[in-house]
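Here is how the chains run, residue by residue.
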Amino acid sequence: MKTAQQLRDKYEKDLENLQNTCGHHDTDWFDETEIHGNLTGVKLKQCKTCWKVLLHKTNCESCGKEVTYEIRDWTRAQLCPECSKKGIA
């Protein structure tokens, strides 16, 4: 008999394999929500086949210009390239 942990490990391995081999041809943008259902203001481009999040889109925290990231870094301000160069926070 398999344990819940063994089933989860297999699922995660299978999902990782699917995401690594998927061509991500069928994608869409979705609103990101927090655990309680609140919108974060971030849009996610996600593959409909393998569920991998490919891009994050938000607005620059300084000038409001749209910014797209591959990986969102929650430890720093989300700035457009121009504001980043100027050192604006």
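About the thresholds
- Residues numbered from 1 in each chain as written.
- Predicted model: local features only at pLDDT ≥ 70, side-chain atom pairs only at ≥ 80, totals over all residues.
- Heavy atoms only, no water.
- Helix = DSSP H or I, 4+ residues; strand = E, 2+ residues; numbered from the N terminus.
- Rg over C-alpha atoms; globule rule 2.2 N^0.38 Å.
- Buried < 20%, exposed > 50% of the residue type's maximum accessible area, 1.4 Å probe, protein only.
- Contact = heavy atoms within 4.5 Å.
- Pairing = 2+ DSSP bridges.
- Axes fitted to C-alpha atoms, helices over the stretch in contact; angles between N-to-C directions.

Considering the overall build of the chain
In terms of regular secondary structure, the chain is built from 2 helices and 4 strands. Tracing the chain from N to C terminus, the helices and strands come up as α-β-β-β-β-α. Scaling as 2.2 N^0.38, a compact globule of 89 residues should have a C-alpha radius of gyration of about 12 Å, whereas the chain reaches 17 Å, well beyond that. Along the first, second and third principal axes, the C-alpha atoms of the chain reach 60 × 30 × 25 Å. Taking all 89 residues of the chain together, the buried fraction comes to 20%. At a minimum sequence separation of 6, the contacts of the chain that also span at least 24 residues come to 18%.

Overview of the sheet that holds strand 4 (residues 66-69)
Taken together, the 4 strands give an open sheet; going across it, the order is 1-2-3-4, and neighbouring strands pair in antiparallel fashion. Only two strands of the sheet have a single neighbouring strand rather than two, namely strand 1 (27-33) and strand 4. Between one strand and the next, the sheet's axes are offset by a mean angle of 25°, whatever the strand orientation.

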